[in-house]
Amino acid sequence: MNNVSLPVNRIYKDRLYKMIFNDKSELLKLYNAINGTHYDDPAMLTITTLDNAIYMTMENDLSFIIDMRLALYEQQSTVNPNLPLRFLMYITDIYSAYTKDMNIYGSKKVQIPLPSFVIFYNGVKSQPDRTEFFLSELFHPTTDQPALELKAVMLNINKGHNQELMPVIPFVITPNMLLAFVPILLKCH
């Protein structure tokens, strides 16, 4: 039998990732593992994930607020240095929705959740455990003192990397594993 390399549709991989962490309990375990926290009440999570059906232009993988901390998570099978720009677009929409009933034009400060931006890398190209991407790396011309900055942290979740996350990410979704799920996802779609 010939081994045929079939291209994996990244959308299916993305949907599987979202399905796994759709459960607030699982999402809270992931948050605790990344941040070294010990929250135990999934009801504390407020989901802020952008849904293409509502926003018509943007959709992010996962975002939520817990204890005035806003976590934005993206799953990627390729290294994408443009993710800080995408995160900026996402957070602008999330903060707009969050502050819609607040007086942002008044003299009193509004409080907004502290953001963090995490990318879960599960691609086939070798990557270190942790890589940081900065919005300012995309600016042209470059500057040592950007007026705006956003840092996104990419965590390699492939086998042998970031072992402390493995209990909450019980398996890595490889292209071959995904091929087994594609028929199931197609039936559910």
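Residues numbered from 1 in each chain as written. Predicted model: local features only at pLDDT ≥ 70, side-chain atom pairs only at ≥ 80, totals over all residues. Heavy atoms only, no water.

Let's shift gears to the overall build of the protein chain. Looking only at helices and strands, one finds 5 helices and 6 strands in the protein chain. In the protein chain, buried positions account for 38% of the 189 residues. Here the contacts in the protein chain between residues at least 6 apart in sequence split such that 60% fall between residues at least 24 apart. Summing over all exposed atoms, the protein chain offers an accessible surface of approximately 11900 Å²; the carbon and sulfur share of this is 56%. (Helix = DSSP H or I, 4+ residues; strand = E, 2+ residues; numbered from the N terminus. Buried < 20%, exposed > 50% of the residue type's maximum accessible area, 1.4 Å probe, protein only. Contact = heavy atoms within 4.5 Å. Areas by Shrake-Rupley, 256 points an atom, 1.4 Å probe, with all protein chains shown as cover.)

Only one face of strand 5 (residues 130-134) is buried: it carries Thr131 and Phe133, and the other face, with Arg130, Glu132 and Phe134, is open. For strand 5 and strand 6 (residues 151-156), the ladder comprises 5 bridges, and the chain directions are antiparallel. The residue of strand 6 that forms the bridge with Phe133 is Ala152. (Pairing = 2+ DSSP bridges.)

With that out of the way, let us pick up the sheet that holds strand 2 (residues 62-66). With respect to topology, 6 strands assemble into an open sheet ordered 1-2-3-4-6-5, the strand pairing being mixed. Unpaired on one side and paired on the other, strand 1 (46-47) and strand 5 mark the two borders of the sheet. Along the sheet face, helix 2 (residues 24-35) touches strand 1, strand 2, strand 3 (69-76), strand 4 (114-121) and strand 6 and points at about 95 degrees away from the line of strand 3. (Axes fitted to C-alpha atoms, helices over the stretch in contact; angles between N-to-C directions.)

Time to look at the pattern of salt bridges. Considering all chains together, one arrives at 5 salt bridges under this definition. The closest approach of N and O atoms between Arg86 and Glu74, which form a salt bridge, is 3.3 Å. With Arg86 in helix 4 (residues 83-98) and Glu74 in strand 3, this residue pair connects regions lying 12 residues apart in the sequence. Look at Glu74 and you get buried, because its relative accessible area is 2%. The partner of Asp101 in a salt bridge is Lys100, with the nearest N and O atoms 4.0 Å apart. When its relative accessible area of 70% is taken as the criterion, Asp101 is described as exposed. Salt bridges sharing partners connect three or more residues here, namely Arg130, Glu132 and Lys151. (Salt bridge = Lys/Arg side-chain N within 4 Å of Asp/Glu carboxyl O.)

If you check helix 4, its first and last C-alpha atoms are 22 Å apart, about what 16 residues at 1.5 Å a residue would give, namely 22 Å. When we look at burial in helix 4, the residues that qualify are Leu83, Pro84, Phe87, Tyr90, Ile91, Asp93, Ile94 and Tyr95. (Expected span 1.5 Å × (residues − 1).)

Let us now look at a nonpolar patch on the surface. A contiguous nonpolar surface patch, about 500 Å² in accessible area, is contributed by Met102, Ile104, Tyr105, Val110 and Ile112. Structurally, the position occupied by Met102 is in the loop between helix 4 and strand 4. Looking at Met102, the relative accessible area reads 31%, which means it is partly exposed. (Patch = residues over 30% accessible without salt bridge, like charges linked within 9 Å, V, L, I, M, F, W, Y side chains within 5 Å.)

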